[in-house]
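Secondary and tertiary structure notes
Spelled out, the chains give:
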Amino acid sequence: MSDSEDAQLEARLAEQDAFEPPESFVEQANVSDPGIYEAFEDDWPECWERAAELLDWERDYDEVLDDVEEPFYEWFTGGKLNASANCLDRHLADRGDETAIQWEGELGDTRSFSYAELHREVNEFAAALRSIGIEEDDVVTMYMPMIPELPIAMLACARIGAPHSVVFAGFSADALATRMNAADSEYLITCDGYYRRGDALDHLSKANDGLDGVEHDATTVVVDRLGPESEHDLGENQLDYDELVADHEGETVDPVTRDAEDMLFLMYTSGTTGTPKGVKHTTGGYLSYVAWTAHAVLDVKPEDTYWCAADIGWITGHSYIVYGPLALGTTTVMYEGTPDYPEKDRLWEIVETYGVDQLYTAPTAIRAFMKWGETYPDRHDLSSLRLLGTVGEPINPRAWKWYYKHIGGEECPIVDTWWQTETGGMMITTLPAVGEMKPGSAGPPLPGVSADVVDESGDPVAAGEAGYVTVDRPWPGMLRTLYRNDDRFVSEYWEGYSDPETDEWVYFPEDGAKIDDDGYITILGRVDDVINVSGHRLGTMEIESAVVGVEGVAEAAAVGGDHDLKGEAVYVYAILEDGYEESEEMEQAIVDGVTEAIGPIARPERIVFTPELPKTRSGKIMRRLLVDIANSEELGDTSTLRNPDVVSDIQERSR
Ligand code: WTA
C-alpha cells in the first residue's frame, strides 16, 4: 500500500464509528442468527440449557435455575458431572491425537500435548495428589507461572474434586500466605523458577517465604522448570513433581462425580477493603457458561488453534485458556513469556507459526503494540486470524481501530468483552457475527444476560449519561458466594440495588458506564476503590496498608491515575511521621514495601509526600481529588473538605 492510500485508509477509519461483521466471518460463525436475543428472552431461564448441552452430564439436572434462596442462586441442580472428564475424557475418541495444549516457552522451547497425552498427565498427577493425602473438597493452592503443569494441576484437582486456588505468580510471598491462610489450604503446588526476558527468576524462595507465613502445616509439590542449570533444594514436606509423577506412571483415576453446585475453584480478587475476596465458582454453572461464551463469542471450534494471551493466574486464563477451550475440545495456545522478548514481534511470530485463528488479549497490550508500530506485525503472515478479542479494561477507539486494521486486516470482528472474576465469563459484548461493532463500546448484554446502566436510585439513565452497571437476573457463571463469607457476598454485590422486600435482586459489579440508544454499553471503569493496572485488579486499601507498613509512614492514600500504557498507574500520597525526612530513600522504602506486600504490578508510579491528606468533615479521604491531582486535571468540588487548603499544596508538590 502506498503512503497516500494508507493515509486515506487511516482517515476513513478515524471517522468511522460503527463496523459491520465481515461477511466471510458471518458465513461460518457458530452463532449468526440475530433472533438469538429474542429466543433467549422468550425462554428464560430454560434458554441456559443451550449452555449445559455443550457438556456431558453423568446425571441430568432436575432444574435449570433454583432461586429459592436469593441471592444464593443455584444452577442445573441435581446434575452431576466432572470438569476434567468434560475437558479431556470425552474428547479422546474423536480428538485423542489432536493438540489440546500448545505451549511455547519464552526461550523458544515448545511442548505440545495431544488430548490423549494431556489425559495421561492429568491422570498421573491426580493419582499423585491422592497419594499425598488430598481428598475431595480440600483446597489446593497453586502458585505457578505459565507452564503446562499449571493447567495439568488444575485439571488433576478437578478430577478428584479438590477445588484449586491459583495465586498469580507475580504476587508476593505475603499475598500467597494470606490466600493460603484464608482458605486453610494445606497443599501448595509451585515451581523452582521461570524465565522473564531471558533471565531465570527464582520462584521457590518466594514460595518458601510465603509458606513461612502460613499458619498451618502444608505439603508442597515443586515443578522443576529451570532444569539442571539451576539447582534448588527441597525442604521438609516438599516433593519433586517429576519424581512424584514417576511413581504413578500409567495410573488412571476415575473422575469423581461432582454435583453441579460443588465448588470447582476459588479465586481471590481485590475489593474495597483490605482482605481479598475468595470468589467461589461451581462445576456445572461455571463450566457451561465458559464453554457457551467461548463457543458463541470467541467462535471456538474444535479444529481451531485458539490463543488467549492472558495469564492463568487471573480469571481470564482460567475461563478462556483452560476451561472454556478445553471443554470445547480445541487447541489452546499457552505462552510463557512477555510480548517483547526477544523482539517486539513475538506474538505475531506465534500467530504465524501455529496459524492462530482467534486472539484474545488486553487493551494494555494493544496500546503497547500500537506504540511499537506496525512494522512488527507487518513482518508476519497473520492471515490465519479470524477473530480478535479484548478484555480487562476499557479500550479507546484509537487502539481498537489499530487492532482492527493492523492485526485483523479489517477482516476480523473484534469482541470487546466486559466481565469480571465474579461473573465467571463474558457478560457484555457483541456477538461477533450478529452485532455491529462500535469501537470503545463493549456492546449489548449477551443473550440471556440482563444488564442495564442506572443512576444512584436504580433508575435507568438516559442515553449518553453516566451511571452504574447493574445485572438484574442471575446467570449460570455467577459466583455463588465469597468463600466463608456469605455476609460479605450479600453486602458487597447485592445490597446496593436490591429490594429484598419485593424479592428483586440486582447484582452490582461496581463499574461505571454509559449506554446509547441502541443499548450498547460503554464501560467507564471501577467506581469502588479498585485500581486497574494493565488489566490487573488492585485494591487501594491493600496498597495503603503496605505503605503504612513501612517504617516512618504515618498515613497514606493510594489512587489510580491515567497512564498511557497501563491504563491506570498507582499514585501514592504519604504523610511521614515526625523525625522522618522526605527523601529518595524513603520513596524507595515505600516502593519496596508495596512490591513486597503485593508484587511488582502494584509498584507505585509516583510517590508524593504531604503533611496532610484531603479529608471530608467526617474524616474520609477524598480520593477523587487525589485522582484529579494525579491526572493534572481541574479539581472537582472541594467545598465539603475539612482542610481545603491542603489541596493546592499537594498540587504544588506533585508538579
Ligand atoms: C474491568 C477480568 C472495560 C472492569 C475479566 C471490571 C473492563 C474489571 C472490561 C474486572 C472491558 C473487564 N471493558 N472494562 N471489556 N473487562 N473490565 O475481575 O472494571 O480481573 O469490573 O476480571 O475489569 O476485573 P477482573
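Residues numbered from 1 in each chain as written. Predicted model: local features only at pLDDT ≥ 70, side-chain atom pairs only at ≥ 80, totals over all residues. Heavy atoms only, no water.

1. Looking at the site of the ligand
Worth spelling out the cut-off: The rule for a residue being near a molecule or strand is that one of its heavy atoms must lie within 4 Å of it. Any N or O atom pair separated by 3.5 Å or less is treated as a polar contact, with the protein-specific requirement of one donor-capable and one acceptor-capable atom, and with residues adjacent in sequence counted only for side-chain atom pairs. Secondary structure elements are taken from DSSP: a helix is a run of H or I of four residues or more, a strand is a run of E of two residues or more, and numbering for both begins at the N terminus. Residues are grouped as follows: Ala, Val, Leu, Ile, Met, Phe, Trp, Tyr, Cys and Pro are nonpolar; Asp, Glu, Lys and Arg are charged; every other residue, Gly included, is polar.
Close contacts around the ligand come from 17 residues, with Asp416, Thr417, Thr421, Arg526 and Arg537 the closest. Here a nitrogen atom of the ligand sits 3.0 Å away from a polar atom, N or O, in the main chain of Gly392. Taking Asp511, its side chain carries an N or O atom lying 2.9 Å from an oxygen atom of the ligand. Those elements that provide at least two residues to the shell around the ligand are α13 (315–327), β20 (414–417) and β24 (521–526). For the shell around the ligand, the residue count by class is six nonpolar, six polar and five charged.

2. Brief notes about helix α15 (residues 363–372)
As a reminder of what qualifies: Relative accessible area decides the class of each residue, using a 1.4 Å probe on protein chains only: under 20% of the type maximum gives buried, over 50% gives exposed, and in between gives partly exposed. Two residues form a contact once any of their heavy atoms are found within 4.5 Å.
Counting buried positions along α15 yields eight of ten residues, so the element is predominantly enclosed. Inspection of α15 places Pro363, Thr364, Ala365, Ile366, Arg367, Ala368, Phe369 and Met370 among the buried residues, and these make up the whole buried set. Here the buried face of α15 lies against α14 (346–354), β18 (358–361), β19 (387–391), α17 (397–407) and β28 (567–576). Gly373, located one to two residues past α15, shows a positive phi value of around 100°.

3. Here we look at the sheet that holds strand β22 (residues 466–471)
To keep things clear, this is the line we draw: Strand pairing follows a simple DSSP-based rule, namely that at least 2 bridges must link the two strands. Axis definition: a line fit to C-alpha positions, over the contact stretch in the case of helices; interaxial angles, taken between N-to-C directions, run 0 to 180 degrees.
Spatially, β21-β22-β23-β24 is the arrangement adopted by the four strands of the open sheet, whose pairing is antiparallel. Strands at the two margins of the open sheet, each flanked by one partner only, are β21 (451–454) and β24. Going from strand to strand, the sheet's axes swing by 45° on average, the running direction of each strand aside. Pairing of β22 with strand β23 (residues 511–515) involves three bridges; the strand directions are antiparallel. Looking at the pairing, Tyr468 lines up with Gly512 of β23.

4. Some points on the domain arrangement of the chain
Note the cut-off: Where each domain starts and ends follows an automatic or database-derived domain assignment. Defined in terms of a 1.4 Å probe, buried area is the accessible area two parts forfeit on being brought together, summed over both. We define a salt bridge as a contact between a side-chain nitrogen of Lys or Arg and a carboxyl oxygen of Asp or Glu at a distance within 4 Å.
The domain architecture assigned to the chain consists of domain 1 (115–256) and domain 2 (530–654). In this structure, domain 1 and domain 2 have C-alpha centres spaced 36 Å apart. Taken together, the contact pairs six residues of domain 1 with seven residues of domain 2. Roughly 450 Å² of surface becomes buried between domain 1 and domain 2 when both sides are summed, with 55% attributable to carbon and sulfur atoms. Taken together, the links from domain 1 to domain 2 amount to zero salt bridges.

5. Considerations on the packing of aromatic side chains
As a reminder of what qualifies: Geometry of aromatic contacts follows a simple scheme: Phe, Tyr and Trp rings, the Trp one being its six-membered ring, pair when their centres are within 6.5 Å, and the pair is stacked under 30 degrees between planes, edge-to-face over 60, tilted otherwise. Whether a charge lies above a ring is judged from NZ of Lys or CZ of Arg, which has to be within 6 Å of the ring centre and within 35 degrees of the ring normal.
For the structure on display, the rule yields 32 aromatic pairs. Between Tyr61 and Phe76 the ring centres are 5.0 Å apart and the planes differ by 50°, which places this aromatic pair in the tilted class. Of the two residues, Tyr61 sits in the loop between α4 (49–52) and β1 (63–66) while Phe76 sits in strand β2 (residues 74–77), which places them 15 residues apart along the sequence. Assigned by exposure class, Tyr61 and Phe76 land together as buried. When the centroid spacing of 6.3 Å and the interplanar angle of 5° are considered together, the rings of Phe265 and Tyr323 count as stacked. Placement of the pair is Phe265 in strand β14 (residues 263–269) and Tyr323 in helix α13, with a sequence separation of 58 residues. Neither Phe265 nor Tyr323 differs from the other in exposure class; each is buried. Here the aromatic residues Phe72, Tyr73, Trp475, Phe489, Tyr493, Trp494, Trp505 and Tyr507 are joined through ring pairs into a cluster of three or more. Lying over the aromatic face of Tyr520, Lys438 brings its terminal NZ or CZ to 4.4 Å of the ring centre.

6. Quick word on the side chain of Asn631
Tracing the backbone shows Asn631 in the loop between α21 (623–630) and α22 (645–654). In this view, Asn631 contacts Gly561 and Asp562; residues no more than four positions away in its chain are not counted.

7. Thoughts on the packing of helix α19 (residues 540–548) against helix α20 (residues 584–597)
In a packed pair of helices, the relevant descriptors are the angle between the two axes and the axis-to-axis distance. Here is the rule we go by: Oblique is the label for any angle not under 35 degrees, not over 145, and not in the 65 to 115 range, which are roughly parallel, roughly antiparallel and roughly perpendicular in turn. By definition, turning the near helix anticlockwise from the far helix through less than a right angle yields a left-handed crossing, and turning it clockwise yields a right-handed one.
Interhelical geometry of α19 versus α20 gives an angle of 130° and a closest axis separation of 8 Å. When the axes of α19 and α20 are compared, the pair comes out oblique. Judged by the sense of rotation from one axis to the other, the crossing of α19 with α20 is right-handed. Touching Ile543, Ala546 and Val547 of α19 are Ile590, Gly593, Val594 and Ala597, all from α20. Residues that form the contact of α19 with α20 fall into these classes: six nonpolar, one polar and no charged.

8. A short note on helix α7 (residues 115–131)
What counts here: Helix span, as expected, comes to 1.5 Å for every residue beyond the first.
An ideal rise of 1.5 Å per residue puts 24 Å on 17 residues; α7 measures up with 24 Å between its terminal C-alpha atoms. With twelve of 17 residues buried, α7 is to be regarded as a mostly interior element. Among the residues making up α7, those that are buried are Tyr115, Leu118, His119, Glu121, Val122, Asn123, Glu124, Phe125, Ala126, Ala127, Ala128 and Leu129. At the exit of α7 stands Gly133, carrying a positive phi of roughly 105°.

9. What about the environment of Ala296?
Structurally, Ala296 is set in helix α12 (residues 283–296). Residue classification places Ala296 among the buried positions, given a relative accessible area of 3%. Not counting residues within four places of it along the chain, the set of residues in contact with Ala296 comprises Val31, Leu431 and Pro432.

10. Observations regarding the sheet that holds strand β17 (residues 331–335)
One open sheet holds the seven strands; their spatial order is β5-β4-β17-β16-β18-β19-β20, and the pairing between them is mixed. Each of the sheet's edge strands pairs with one partner strand only, and the pair in question is β5 (110–114) and β20. Adjacent strand axes in the sheet meet at a mean angle of 15° when their direction is disregarded. Of the pairings in the sheet, the one linking strand β16 (residues 305–308) to β18 comprises three bridges and is parallel in character. Bridge assignment links Tyr306 to a residue of β18, and that residue is Gln358. Docked against the sheet, α14 engages β4 (99–104), β5, β16, β17 and β18, running at close to 145° with respect to β4.

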